[in-house]
2 protein chains.
Amino acid sequence: MKIKLGAKNCLYPMPTTLIDANVDGKPNYITMAHVGIIGVGAISLSMNQIHYTNAGIKENKTFSVNIPSDKMVRETDYCGLVSGKKVNKADLFENFYGQLETAPMIKGCPINMECKLIQTVDFQNYDVFIGEIVETYCDEQFMTDGIVDLSKVQPILFVMNDKSYWRIGERIAKAWNIGKGFKSD
Amino acid sequence: MKIKLGAKNCLYPMPTTLIDANVDGKPNYITMAHVGIIGVGAISLSMNQIHYTNAGIKENKTFSVNIPSDKMVRETDYCGLVSGKKVNKADLFENFYGQLETAPMIKGCPINMECKLIQTVDFQNYDVFIGEIVETYCDEQFMTDGIVDLSKVQPILFVMNDKSYWRIGERIAKAWNIGKGFKSD
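Just so we're clear, the structure is a prediction, and the values are computed from it rather than from any experiment. (Residues numbered from 1 in each chain as written. Chains lettered and ligands numbered in written order. Predicted model: local features only at pLDDT ≥ 70, side-chain atom pairs only at ≥ 80, totals over all residues. Heavy atoms only, no water.)

Attention now moves to the relation of the copies chain A and chain B. The two copies are related by a screw motion: chain A maps onto chain B through a turn of 180 degrees and a shift of 0.0 Å along the axis, at an RMSD of 0.0 Å. Look at the turn and shift together and you get a two-fold axis relating the two. A share of 100% of interface residues in chain A that are also interface residues in chain B marks the association as one of identical surfaces. (Least-squares fit on C-alpha atoms with pLDDT ≥ 70 in both. Contact = heavy atoms within 4.5 Å.)

Following this line, the structure appears as structure tokens:
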């Protein structure tokens, strides 16, 4: 039997990311799972306008999306608990820079996506930043045969339903493949 | 060592959804994982303008986001392989309707989110539809203590890196909690 839950967002799990952006000239990190894929090569961040990071993204028009591994779950959660307005988080991680020069990236995260802000959508009290990925970095040990391997990355999946972080499980099937001939069965 | 992968989207896994919308007066389904969370109560769909479903969403200004379970992986993949332009998919699933009246929902999916189109963002050759969730439905057997339990739902996670579907694993930790006191360690 279907139960009505009210207007409840159940689009989970979502990948937990650390957004890294320069604010007042130094890196600041914010934990974000209310993200999305726009087109094929762009990412949306839905950031409440109260956050410290927004001004830095608007100023530099650059940011990075970093995928932490499960080993980083404590520091990842920490970055969502404390605001850059009150705590200087700059030294929490070692950073590196790429072609955009103003988008710091977290060296300790397995995957880093360097993004250029290309569009900002006003949505209620959120800045929805759309960033085009200009370069992606991955440490060699998280890849298999030249492909990013999430069983090695062990990303942190966010689920709002139970306010928890979850692991990824195993592969089920190939996409654009397992459904072939479904109708003829 | 960091390896440059080019401008590669690695924001995965994403939840695999079945978008259900009336097109020419009958339900049509499209598999979508390039989705996102906007604000707290809204979902973005980044739909290439070539798709059959777009016209139906524009016409009715309603759609539903359905979360299939791993048992539905074949039919879910199938809906991404064949276009409603060529194949009438209406009878593939049993549908029900809610308060919006024009947003069909797939009864067999554990979770259904009934959405009202509130904004459309033009992005390259994509219609980015932003839908506000007006009601969410979940079958009782996929809940624990009144909360949606993804270990029961067994959603299908999409990973573009290896073009595969993955399972969810187990809970790691509580969010807004495990990071408390991180700095003082």
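Our focus in this paragraph is the environment of A90(A). Residues and elements named next belong to chain A. Tracing the backbone shows A90 in the loop between α2 (73-81) and β8 (95-96). Sequence separation between A90 and N28 is 62 residues, and the spatial gap between their C-alpha atoms is 5.6 Å. Setting aside residues up to four positions removed in sequence, A90 forms contacts with K26, P27, Y29 and N95. (Helix = DSSP H or I, 4+ residues; strand = E, 2+ residues; numbered from the N terminus.)

What follows deals with the interface of chain A and chain B. Each partner contributes to the interface: chain A provides 99 residues, whereas chain B provides 99 residues. At the boundary of chain A with chain B, total buried surface from both sides reaches about 9,100 Å², with 66% on carbon and sulfur atoms. Together, K2(A), I37(A) and W166(A) form the three largest contributors to the area buried by chain A at its contact with chain B, with a combined 9%. One salt bridge connects R171(A) with D162(B), and the closest N-O pair in it is separated by 2.6 Å. Between the two partners, chain A and chain B, sit 54 residue pairs in polar contact (both at pLDDT 80 or more). A per-element tally of the side of chain A that touches chain B places strand β15 (residues 164-174) of chain A first, with eleven residues. Of the residues contributing to the side of chain A that touches chain B, the split by class is 56 nonpolar, 21 polar and 22 charged. Where strand β1 (residues 2-4) of chain A and strand β11 (residues 126-139) of chain B come together, three bridges link them in antiparallel fashion. If you follow K2(A) over to β11(B), its bridge partner there is D139(B). (Buried area = accessible area lost by both parts, 1.4 Å probe. Salt bridge = Lys/Arg side-chain N within 4 Å of Asp/Glu carboxyl O. Polar contact = N/O pair within 3.5 Å; in protein donor to acceptor, adjacent residues only side chain to side chain. Nonpolar A, V, L, I, M, F, W, Y, C, P; charged D, E, K, R; others polar. Pairing = 2+ DSSP bridges.)

All names here are of chain B. Within the secondary structure, L18 is located in strand β3 (residues 17-23). In this structure L18 comes out as buried when scored by relative accessible area, which is 0%. Once the C-alpha coordinates of L18 and I106 are considered, the two residues, 88 residues apart in sequence, prove to be 8.4 Å apart. Residues contacting L18, with those up to four places away along its chain left out, are I30, T31, S64, V65, N66, P68, T76, C79, F93, I106 and C109. (Buried < 20%, exposed > 50% of the residue type's maximum accessible area, 1.4 Å probe, protein only.)

With that settled, consider helix α1 (residues 53-60) of chain A. All names here are of chain A. Of all the positions in α1, only T53, N54, G56 and I57 are classed as buried. Seen along its axis, α1 keeps its buried residues to an arc of 165 degrees; they face one direction. Exposed residues pointing more than 90 degrees away from the buried face of α1 are listed as A55 and E59. Contact partners of the buried residues in α1: β3 (17-23), β4 (26-32), β6 (42-48), β7 (62-67), β10 (111-123) and β11 (126-139). Once α1 ends, the next one or two residues include K61, with phi positive near 60 degrees. (Arc of directions from axis to C-beta.)

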